[in-house]
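A structural walkthrough
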Number of protein chains: 2
Amino acid sequence: MKKLLEHPEKSARPSKRADAQRNTDALLKAALAVFAKSGVDAPVRDIAQKAGVGVGTVYRHFPQRSDLIVAVFRQEVDACADAAATLAAKYPPTEALSRWMLRFTEFVAAKRGLATALHSGDPAYDILPAYYDGKLRPAMEMLLSRAAAAGEIRAGVAPGDLLSAAVSLCRPAYDVAPDHTKRMLALLIDGLRYGAAGGR
Amino acid sequence: MKKLLEHPEKSARPSKRADAQRNTDALLKAALAVFAKSGVDAPVRDIAQKAGVGVGTVYRHFPQRSDLIVAVFRQEVDACADAAATLAAKYPPTEALSRWMLRFTEFVAAKRGLATALHSGDPAYDILPAYYDGKLRPAMEMLLSRAAAAGEIRAGVAPGDLLSAAVSLCRPAYDVAPDHTKRMLALLIDGLRYGAAGGR
DNA sequence: CGTTTATACGGAACGACGTTCCGTTTATCA
DNA sequence: TGATAAACGGAACGTCGTTCCGTATAAACG
């Protein structure tokens, strides 16, 4: 038998040691930076050094290299999803939607390296699309329904459709003007406005 | 100064030693088999062993691992393109077209492992899409124009469109009936017949 | 035929990487 | 403060891709 919930603590946390928690955070931060600079194929040793820990510590927190990649990806998805609430509180509905979609495309563009790793066939990444969808779709749904309730855009738009539309807009971003994505996004938002109930 | 074209030989061949040519062939054959069994990430040593040579010999013929992958891919593309002429000689125009498209989808399905390697971002594979296109598009163009000239299908169909249509038909071939691709192909051919000049 | 020589061969060796192991350090709690 | 479970660091291991070099041999010549 194991003692569980001896002290309820904060909540569903098995009470980690302080240094362990610090190193987990440092590793996620370092991995984010190293992946951005050298791609997802960067050596684990580089990440360990950047975080100021030994490789053993990396593997204590993330038993496989892919676990670290997944964790970074989730962290970024979470940040992007959280931005939806922040923007909704700070801007009028449609502007919040517009700003969030810009934020989302930035996320997609920055994570293209990760995306190719996801499609590499490694089953370690199979869970990610579901996580991605479960977090980002509700965020977009919230923004959409607020804007629709305010009569600023038409109702009945599927959030998933809009997400994948935004993703595909980022696709040909190689040899195209740097503001191409922004312009396409603006077009998309205008398209939503077109059949609005308010009919302004 | 180097002596060149001392004996004109057969043609554009720098006259390779017989054993070298034998080993090149053996390596291509072995690589094809190993890639099919263990995927494109199979170790070079496995391929060397299967071909009955040392690793040094592999690198003499294919300076990089990716060169071997590219060579196998080209060989398969060539075989598929050559099949077009064979089929055109043996069958009536539209049946030749139909049979070749089936052959082509088999090629695509078998090379899915290679395809993900192609999209890995490694610049070593950048030449392949052009090669692929340059070989397969003319093959399909020939079959199409023959069938059109015979009045069996409509004219003015872009070969590239048909190729990518066939490719996308192969895409969701995971959890679907095994003859799904065949049925979709038949549909495609029927669609071509629809506006035929002969109007049979 | 032998001789010669450019060419190809085999596999040990190297460096980089993911991952494991274990002796040492440290946070936590009584 | 001392005990103890947890976490740490980095040397070490096995597997890669790739290189190197002594050996073998195909082929051209006498």
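Please refer to the structure higher up on the page.
Notes on the structure follow. These numbers were taken from a predicted model, which means no experiment stands behind them.

Turning to the overall build of chain A, a few remarks are in order. A tally of regular secondary structure across chain A gives nine helices and zero strands. Put simply, chain A runs from its N terminus to its C terminus through helices and strands in the order α-α-α-α-α-α-α-α-α. Out of the 200 residues belonging to chain A, those deemed buried represent 24%. Relative to all contacts within chain A whose residues are 6 or more apart in sequence, the contacts with residues 24 or more apart total 65%.

All right, on to the packing of helix α4 (residues 65-90) of chain A against helix α5 (residues 93-110) of chain A then. All names here are of chain A. Two elements in contact, α4 and α5, have axes separated by 9 Å at closest approach and are oriented at 165 degrees. Judged by the inter-axis angle, α4 sits roughly antiparallel to α5. The crossing of α4 and α5 is right-handed. Facing α4, whose interface residues are E76, C80, A83, A84, L87 and A88, α5 presents A96, R99, W100, R103, F104 and F107. Classifying every residue of the contact of α4 with α5 by side-chain character gives nine nonpolar, no polar and three charged.

For the rest of this paragraph, the subject is the protein's contact with DNA strand C. Contacts to DNA strand C come from 23 residues, most closely from A18 and R65 of chain A together with V53, G54 and G56 of chain B. Looking at the surface near DNA strand C, the elements that each hand over two or more residues are α1 (18-38), α2 (44-51) and α3 (55-61) of chain A together with α1 (18-38) and α3 (55-61) of chain B. Considering every element that reaches the surface near DNA strand C, the biggest residue donor is α3 of chain B, with four residues. For the surface near DNA strand C, the residue count by class is nine nonpolar, six polar and eight charged.

This part covers the protein's contact with DNA strand D. As a structural note, the neighbourhood of DNA strand D is formed by 23 residues, with V53, G54 and G56 of chain A together with A18 and R65 of chain B the closest of them. Among the secondary structure elements, those contributing two or more residues to the surface near DNA strand D are α1 and α3 of chain A together with α1, α2 (44-51) and α3 of chain B. Sort the elements by how many residues they give to the surface near DNA strand D and α3 of chain A lands first, with four residues. Looking at the surface near DNA strand D, its residues break down into nine nonpolar, six polar and eight charged.

A word on the nonpolar core. By size, the foremost hydrophobic cluster in this structure holds 38 residues, and its most contacted members are A31, I47 and L143 of chain B. Taken together, the elements giving at least two residues each to this core come down to α1, α2, α4 (65-90), α5 (93-110), α7 (128-149) and α8 (159-170) of chain B. At nine residues, the largest contribution of residues to this core is made by α4 of chain B. Counting residues in hydrophobic clusters, the runner-up holds 36 residues, among them V58, A84, L97 and L136 of chain A.

What follows covers the packing of α5 of chain B against α7 of chain B. All names here are of chain B. Interaxial distance between α5 and α7 falls to 8 Å at its minimum, and their mutual angle equals 150 degrees. Taken together, the axes of α5 and α7 are roughly antiparallel relative to one another. With respect to the hand of their crossing, α5 and α7 are arranged in left-handed fashion. Here P93, T94, A96, L97 and W100 of α5 come into contact with α7, specifically with L143, L144, R146 and A147. Looking at the contact of α5 with α7, its residues break down into seven nonpolar, one polar and one charged.

Note that A110 of chain B resides in helix α5. It is 23 Å that separates the C-alpha atoms of A110 of chain B and P123 of chain B, two residues lying 13 residues apart in sequence.

What counts, and at which threshold
- Residues numbered from 1 in each chain as written.
- Chains lettered and ligands numbered in written order.
- Predicted model: local features only at pLDDT ≥ 70, side-chain atom pairs only at ≥ 80, totals over all residues.
- Helix = DSSP H or I, 4+ residues; strand = E, 2+ residues; numbered from the N terminus.
- Buried ≥ 20, exposed ≤ 12 C-beta atoms within 10 Å, placed from the backbone.
- Contact = placed C-beta atoms within 7 Å.
- Axes fitted to C-alpha atoms, helices over the stretch in contact; angles between N-to-C directions.
- Parallel < 35°, antiparallel > 145°, perpendicular 65-115°, else oblique.
- Left-handed = near helix turned anticlockwise from the far one by under 90°.
- Nonpolar A, V, L, I, M, F, W, Y, C, P; charged D, E, K, R; others polar.
- Near = placed C-beta within 6 Å.
- Core = buried A, V, L, I, M, F, W, Y, C linked by C-beta atoms within 7 Å.

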